[in-house]
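Coordinates in review
These are the residues of each chain, in order.
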Amino acid sequence: AVPPSELESLIPECLTLDTFKDQWAFIAVAMVQTKELRPKGFPAFVGNDFFLIGYRIFVRYQSTSGKRLRGLYILKSETDKKRMEFLGNIFTHYKYSTTDIEYVREGDLIRIHSEQSDFELHAKLNAEAGLPTDSPFREWKEARRFAGPLPFTFSYNAPQQEVYIIEGVRSNWKPTPIEVNRFRFSYLESLNLKKYQLANAFVIQDIPYFWRKGRKESLS
């Protein structure tokens, strides 16, 4: 959770921040273990398993047809495989780079760490976990509104004044709160945010997922 004034300069003018009570905007750090990821229509055996990390800002966009879309603006994406960086940057505008990612699970304890990207997350799978102490949300019902699934991701080509819109389709989306014991992401620190705090953390598992063919809208 970040004061809106801290994030406004990070999104293009065609997007607006998706805020909570006009007091908080949000950056999502999504850490995803994929299985058999492949172009749609290809058999599972040609798929690959990757670890993906995405930094996204919660935004809203009004399309040229007048529809109001809620989703995420892409800041940065990382993966643990060069193959995913190569293919991801061909098929998407997600700005993938490759880094080292270490994922360790021991019982209910999870540790995700990177030397190169300089981040760490220590968390505990705990069905009884409450909201973080400094969360702007008072209860899970409020937090759930910002726990997705957010169907759209947006990127912007400033020279061409084009918005790229990709819709993700998911099912079985049942977020469960987790207890975060420690976290640090140097990428967030590089944004020079004066204030940010943990609003919510959750895990989802076994999510069938695919992306529809992207589209672009010209704003010129």
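Residues numbered from 1 in each chain as written. Predicted model: local features only at pLDDT ≥ 70, side-chain atom pairs only at ≥ 80, totals over all residues. Heavy atoms only, no water.

This brings us to the side chain of Asp18. Checked against the element boundaries, Asp18 lands in the loop between strand S1 (15–17) and strand S2 (27–33). Among the polar contacts made by the side chain of Asp18, one reaches the side chain of Arg70 at a distance of 2.4 Å. When near neighbours in sequence (up to four residues on either side) are disregarded, Asp18 contacts Trp24, Ala25, Phe26, Phe58, Val59, Arg60, Arg70, Arg145 and Phe146. (Helix = DSSP H or I, 4+ residues; strand = E, 2+ residues; numbered from the N terminus. Polar contact = N/O pair within 3.5 Å; in protein donor to acceptor, adjacent residues only side chain to side chain. Contact = heavy atoms within 4.5 Å.)

A separate point is the packing of aromatic side chains. Under the defined criterion, the tally for this structure stands at 14 aromatic pairs. Ring geometry for Phe20 and Phe137: centres 4.9 Å apart, planes at 65 degrees, overall edge-to-face. You can see Phe20 sitting in the loop between S1 and S2 and its partner Phe137 sitting in the loop between strand S8 (119–125) and helix H3 (140–144), a full 117 residues away along the chain. Accessibility expressed as a relative area gives 8% for Phe20, which makes it buried. Plain terms: the ring middles of Phe58 and Phe146 are 5.9 Å apart, the flat faces sit at 50 degrees to each other, and that makes the pair tilted. Placement of the pair is Phe58 in strand S3 (residues 51–62) and Phe146 in the loop between H3 and strand S9 (152–157), with a sequence separation of 88 residues. Taken as a pair, Phe58 and Phe146 share a single burial class, namely buried. Every member of this aromatic cluster is reached through a ring pair, and the members are Phe20, Phe26, Phe58, Phe137 and Phe146. (Phe/Tyr/Trp six-rings, centres within 6.5 Å; stacked < 30°, edge-to-face > 60°. Buried < 20%, exposed > 50% of the residue type's maximum accessible area, 1.4 Å probe, protein only.)

In the predicted model, the protein chain carries a mean pLDDT of 89, and 98% of its residues have values of at least 70. Element-level mean pLDDT values for the protein chain span from 72 in helix H2 (residues 82–91) up to 97 in S1. (pLDDT = per-residue confidence, 0-100.)

Further remarks concern the environment of Leu150. Positionally, Leu150 belongs in the loop between H3 and S9. It is 11 Å that separates the C-alpha atoms of Leu150 and Ile166, two residues lying 16 residues apart in sequence. With residues near it in sequence (within four places) discarded, Leu150 still touches Phe58, Arg70, Gly71, Leu72 and Arg170.

Let us now look at the pattern of salt bridges. Applying the stated criterion across every chain, the model contains 10 salt bridges. Measuring nitrogen to oxygen at the nearest pair gives 3.5 Å for the salt bridge that ties Glu167 to Arg212. On the criterion of sequence distance, the pair formed by Glu167 in strand S10 (residues 162–170) and Arg212 in the loop between strand S13 (209–211) and strand S14 (215–218) is long-range, its members being 45 residues apart. In this structure Glu167 comes out as partly exposed when scored by relative accessible area, which is 24%. (Salt bridge = Lys/Arg side-chain N within 4 Å of Asp/Glu carboxyl O.)

Bringing the sheet that holds strand S7 (residues 109–114) into the picture now. The five strands are arranged S6-S7-S8-S11-S12 in an open sheet whose pairing can be described as antiparallel. Of all strands in the sheet, those with a lone pairing partner are strand S6 (102–106) and strand S12 (202–203), marking the two edges. Where S7 lies against S8, six bridges are found, and the strand directions are antiparallel. Each residue of the ladder has a partner; that of Ile110, found in S8, is Ala123. (Pairing = 2+ DSSP bridges.)

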